[in-house]
Amino acid sequence: MDRARRWIKGALAVTAATALGVTALATTAQAADINVAKNAGFESDLSNWTCSADTGSVVGSPVHGGAKALKGTPTAQDTAQCSQAVAVKPNSTYTLSSWVQGSYVYLGASGTGTTDVSTWTPGSSGWQQLSTTFTTGASTTSVTVYTHGWYGQSAYYADDVSVLGPDGGGGGGDPVVIPAVPAGLAAGTATSSSVDLSWNPVSGATGYNVYRDGSKVASVSGASATVTGLAAATSYSFQVSATNSAGESAKSAAVTARTATSGGGGGGTVPKHAVTGYWQNFNNGATVQKLRDVPSQYDIIAVSFADATSTPGQISFTLDPAVGYASAADFKADIAAKQAAGKSVILSVGGEKGSVSVNSDASATAFADSAYSLMQQYGFDGVDIDLENGLNSTYMSKALHQLSAKAGAKLVLTMAPQTIDMQSTSGEYFKTALNVKDILTVVNMQYYNSGSMLGCDGKVYSQGSVDFLTALACIQLEGGLDPSQVGLGVPASTRGAGSGYVDPSVVNNALDCLTRGTGCGSFKPARTYPGLRGAMTWSTNWDATAGNAWSNSVGPKVHSLP
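As a starting point, this report considers the structure included with it. Throughout, residues of each chain are indexed from 1 in the direction in which the sequence is written. Per-residue local features of the predicted model are confined to residues with pLDDT of at least 70, and side-chain atom pairs are confined, for both listing and counting, to 80 or more; whole-chain, interface and lining totals are unaffected and use all residues. Computation of side-chain values: all heavy atoms of the structure, hydrogens and water removed.

**So, the sheet that holds strand S13 (residues 186-190)**
Pairing between the strands of a sheet is mediated by backbone hydrogen bonds and can be parallel or antiparallel.
Thinking step 1. One requirement defines pairing of two strands: DSSP has to find at least two bridges between them. Numbering goes from the N terminus for both helices and strands, where a helix is a DSSP run of H or I of at least four residues and a strand is a run of E of at least two. Strand order in the open sheet formed by three strands is S13-S14-S17, with antiparallel pairing between adjacent strands. At either end of the open sheet lies a strand with only one pairing partner, and these are S13 and strand S17 (224-227). Pairs of neighbouring strands in the sheet enclose a mean axial angle of 25°, with direction left out of account.
Thinking step 2. For S13 and strand S14 (residues 195-198), the ladder comprises three bridges, and the chain directions are antiparallel. Counted as the bridge partner of Ala190 is Val195 from S14. With axes taken as lines fitted to C-alpha atoms, and helix axes fitted only over the stretch in contact, angles between N-to-C directions fall between 0 and 180 degrees.

Here's what the structure looks like:
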């Protein structure tokens, strides 16, 4: 949580001003449209493509469709851009899309003759589709489409590029055909109200329809979905179909899944408006505390942090002798005392140096099993997800639903993403939050160590202001999370973060702005959110170092919200 954020994250937000929300699929293409990109799936290696400084190659894994995909490897001086000039028709609209994987992947078009476009994703450990549209100028017959990563970042992958629109006369374009029927449909974790589904990606598909007992209940862009709103202890039949502009495939073979008899609920003991504080299981110069020393203003106390083990996905926990507990039993007694006072104590997973990786069914199960074991051993009420080095939404969602099924309705589940993780619903963190909405207690985004970021109005705001808090919270509030699942995460003192500290009065003004429509800066949300959960701080220890000024001010404000 106390992080020195790389400069790139603030810079990326500014360049992404046109990218917010563009990951939704574009309007349906006309019947005569074709994919004017050549070698769009890289099955002919890099034919028709040009990659800067020999940074591009073709690999056999991972692939989205077919047998090959593009791999771009950025360097400190090069973004590994791979591009192709495609023949287009003047005064025409094209939909540019590609399936991508990796950190900071960009997709764009230049030389359009009108407004050049680009979109990007902050990162994904699985395939996700980027999509945008452009219109050609009156005399434009060629446009350059490109994909690239970012300086010094890890390799990215791209596959199944599509530039869908009128034939520009270049030849070699691929006509759009109805995709094949999805195979491999399987049911994963089932809670009392939801079922996880996954299937094999279909080449040429731009989306998938999910059917429950013969009726369509969802449309998604990737090869997985969580069907929610189900009745407990009930069997359902599921099918999926693949779609693109040419039409919809037949439905897949059906799979049956039964919901659990209990589980989920999103933290039944947490008050309507709550203050979350991270408690440091280490000494970094802040006041060393025992849990009993944490002020009563804190409703959720996140013990920081769990440790990774040699088994992927598995976590453990060890008390640091520096915090002064004589025994584990003494620590457990403090947890029980807080719970008796109506507080929740949870275990935070991640942090700046956290290396827990959940990217497969096996690691998802290992996470759920080990987290539940620690809950039983110490009495934790739940977990906090603070993975700052990336996460896989598909498997983390499965892991958390498995944990919910074990822990039951009173599981407290919180998340603490960085600002860049919640800029778009296509981000892995945002997708995870939406996937586990049925069991999620609150997302306390870290509004610090950030630099400038986009607000929900598409404008760029600088950290350290009321507008930064309210305009960025608006993205989550209008992006699918319930107001009760949104909190404002800030440092407790100037020493609690590298940048982004705001006075408690600024936090209180932001809370008033979002819940009552008063105290706003230049940004004022179109509506109020009186159910907003509250606020979070890093950390209770830094708060104590500053005389508990943060909790003494923000705590009463949160608890007096409407």
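Next comes the rest of the write-up.
**A word on helix H2 (residues 328-340)**
Thinking step 1. Here a helix's expected span is defined as the number of its residues, less one, multiplied by 1.5 Å. Here H2 spans 18 Å end to end across 13 residues, near enough to the 18 Å set by a 1.5 Å rise per residue.
Thinking step 2. Any residue under 20% of the maximum accessible area for its type is buried, any over 50% is exposed, and the rest in between are partly exposed; the area is computed with a 1.4 Å probe on protein chains only. Buried within H2 we find Phe331, Asp334, Ile335 and Lys338. Looking down the long axis of H2, one finds its buried residues gathered within 100° of arc, a one-sided arrangement. Along H2, the residues that are exposed and aim more than 90 degrees away from the buried face are Ala329 and Ala340.
Thinking step 3. A positive backbone phi angle near 90° is found at Gly342, which sits one or two residues after H2. The arc in question is traced by the directions running from the helix axis to the C-beta atoms.

**Points about the state of the cysteines**
Cysteine pairs can be linked by a disulfide, which is a covalent bond between their two sulfur atoms.
Thinking step 1. For the purposes of this analysis, a disulfide is any pair of cysteine sulfur atoms at a distance within 2.5 Å. A full pass over the atoms with the stated rule returns three disulfides.
Thinking step 2. Each sulfur in the disulfide pair Cys51 and Cys82 lies 2.0 Å from the other. Torsion about the S-S bond of the Cys51 and Cys82 cystine: about 115°, corresponding to right-handed handedness. In this pair, Cys51 sits in strand S2 (residues 50-51) while Cys82 sits in strand S5 (residues 82-87), placing the two residues 31 residues apart along the sequence.
Thinking step 3. Residue Cys82 is classed as buried on the basis of its relative accessible area, which comes to 0%.
Thinking step 4. With a sulfur-sulfur separation of 2.2 Å, Cys456 is cross-linked through a disulfide to Cys474. The disulfide joining Cys456 to Cys474 has a torsion of about 85° about its S-S bond and is therefore right-handed.

**Looking at the packing of helix H4 (residues 393-407) against helix H5 (residues 428-435)**
Thinking step 1. Between H4 and H5, the shortest axis-to-axis distance is 9 Å and the interhelical angle comes to 30°. Once H4 is placed against H5, the crossing between them reads as right-handed. Here Ser393, Met396, Ser397, Leu400 and His401 of H4 come into contact with H5, specifically with Glu428, Lys431, Thr432 and Asn435.
Thinking step 2. Here the term charged refers only to Asp, Glu, Lys and Arg, the term nonpolar to Ala, Val, Leu, Ile, Met, Phe, Trp, Tyr, Cys and Pro, and the term polar to all other amino acids, Gly among them. Its residues assigned to classes, the contact of H4 with H5 comprises two nonpolar, five polar and two charged. Two helices that cross are described as forming a left-handed crossing if the nearer one is turned anticlockwise from the farther one by less than a right angle, and a right-handed crossing if clockwise. Here a residue-residue contact requires only that any non-hydrogen atoms of the pair lie within 4.5 Å.

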